[in-house]
Structures are given as structure tokens and as C-alpha cells.
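Observations on the model geometry
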Amino acid sequence: MNLRRKACSVVTALLLSVSLFAQEETYRPKFAGDPARSESEAAALGYARVLGRAEGAYKKKHGEYASSLQLLVGQVSFTKRMIGADRGDYKARFKGTREGFSLWMDAKPQPGPKHRSFFTNERGAIRAEEDKAAGPESPVARP
């Protein structure tokens, strides 16, 4: 009886751990039309959307785009913490001028599933590439 109870506990623990592992592997979209394929991509795309909204608010207020990330602090929901280039599994590169801006979200090399790289600018579309750095000519990000 005791051996049977232990075996049942072991089987239950294995099934629970397998189901938890499977849940971590699948990404659930955050909203309808979410182009992200993983939590890391969702975070990178969220950063790009916030930066785009902050640039839009800055332009509306000042008549030009921000030339640095520091100037965006306090615009919409852009915070001081967001100035850093390290964005988890991604590295952000920003270039701003009075006429426009560009943001590259480059996936860091890592083991496991590969992440796409992203690009956005003052036009607003977020573009993606599977195997190289994304740019203005890359296709629009799709799920």
C-alpha cells in the first residue's frame, strides 16, 4: 500500500511538471493581432510601441522629434528606466533627429529558440526579420 501511494505521488508530480513545462513553451497573445511569438518578443514590441507613442507626444508638444532617449522621459509612459539599451533578450539602438527617429531591437545571441529582430521609425510600423537585423525595408511584423 505504501509503495503504491509513493508511485502515485511520483506519477502525479511528473505529470504536473510536464504540464507546467508545456505551458511555459507556448506563448499566449496579449491582444488580438499580437505579432509576438514569445514573452521576450512581446516585451521588445511593447518597448517599441511605448517609444513610438512617446516620440509622437514629444513632437506634438515641441514641433520636432526627440534627439535622445533622455528627452523622452516623462512623455506618455516612457520612464528613466527605459533609457538603458539592455532590454532582456534584446538590445535597443536608438537614433533621433529633429526630422525623425529610428529604433532597432536586436535579438541577443542565446541558446534555444531564436527571436526575431525589430525596427520602427516615425512612420509607426514595426518591422521584423528572422535571420538578420531589421530595417526600414523589412516586412511588417506578423504573428
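Keep in mind that what you see is a predicted model, and the values were worked out from it rather than measured. (Residues numbered from 1 in each chain as written. Predicted model: local features only at pLDDT ≥ 70, side-chain atom pairs only at ≥ 80, totals over all residues. Heavy atoms only, no water.)

Quick look at the overall build of the protein chain now. Regarding its fold elements, the protein chain presents two helices and five strands. N-terminal to C-terminal, the α/β element order of the protein chain is α-α-β-β-β-β-β. Of all 143 residues assigned to the protein chain, the portion counted as buried reaches 34%. (Helix = DSSP H or I, 4+ residues; strand = E, 2+ residues; numbered from the N terminus. Buried < 20%, exposed > 50% of the residue type's maximum accessible area, 1.4 Å probe, protein only.)

Attention now goes to the pattern of salt bridges. A side chain with one charge can pair with a side chain of the opposite charge if their charged atoms come near. All told, the structure shown has six salt bridges when counted by the stated rule. Notably, a salt bridge pairs glutamate 130 with arginine 37, separated by 2.6 Å at the nearest N-O pair. In this pair, glutamate 130 sits in the segment after strand E5 (127–129) while arginine 37 sits in the loop between helix H1 (2–25) and helix H2 (39–62), placing the two residues 93 residues apart along the sequence. The class for arginine 37 is partly exposed, based on a relative accessible area of 41%. Here arginine 116 and glutamate 41 are joined by a salt bridge, their closest N and O atoms 2.8 Å apart. Here arginine 116, found in the loop between strand E3 (101–107) and strand E4 (117–121), pairs with glutamate 41, found in helix H2; they are 75 residues apart in sequence, far enough to count as distant. The pair formed by arginine 116 and glutamate 41 is uniform in burial state, with each residue classed as buried. (Salt bridge = Lys/Arg side-chain N within 4 Å of Asp/Glu carboxyl O.)

The next subject is the nonpolar core. Among the nonpolar cores identified, the biggest contains 26 residues, and Tyr47, Leu51, Leu72, Phe78, Leu103, Met105 and Phe118 are the most heavily contacted of them. Where this core is concerned, the elements lending two or more residues are H2, strand E2 (90–96) and E3. Contact partners of methionine 105, with chain neighbours within four places excluded, come to Ala44, Tyr47, Arg87, Tyr90, Lys91, Ala92, Ser117 and Phe118. (Core = buried A, V, L, I, M, F, W, Y, C linked by side-chain atoms within 4.5 Å. Contact = heavy atoms within 4.5 Å.)

Here we take up the pairing of E4. Of all five residues in E4, five are buried; the element is thus mostly enclosed. Neither face of E4 is left uncovered, since the one carrying Ser117, Phe119 and Asn121 and the one carrying Phe118 and Thr120 both have all their residues buried. Direction of pairing for E3 relative to E4: antiparallel, over a ladder of four bridges. Looking at E4, one finds that methionine 105 is bridged to phenylalanine 118. (Pairing = 2+ DSSP bridges.)

Attention now moves to the sheet that holds E4. Across the sheet, which stays open at both edges, the five strands sit in the order E1-E2-E3-E4-E5 with antiparallel pairing between neighbours. With partners counted over all chains shown, the strands left at the sheet margins are strand E1 (86–87) and E5, one partner each. Along the sheet face, H2 touches E1, E2, E3 and E4 and points at about 170° away from the line of E3. (Axes fitted to C-alpha atoms, helices over the stretch in contact; angles between N-to-C directions.)

Averaged over the protein chain, the pLDDT score is 86; the fraction of residues at 70 or greater is 82%. Across residues 15–24, where pLDDT falls below 50, the model places zero contacts with residues more than four positions away in sequence or in other chains. (pLDDT = per-residue confidence, 0-100.)

We now examine the environment of alanine 48. Relative to the helices and strands, alanine 48 is located in helix H2. Through-space distance from the C-alpha of alanine 48 to that of methionine 105 is 8.0 Å; in sequence the pair is 57 residues apart. In this structure, alanine 48 is in contact with Leu103, Thr120 and Ile126, ignoring residues within four places of it in sequence.

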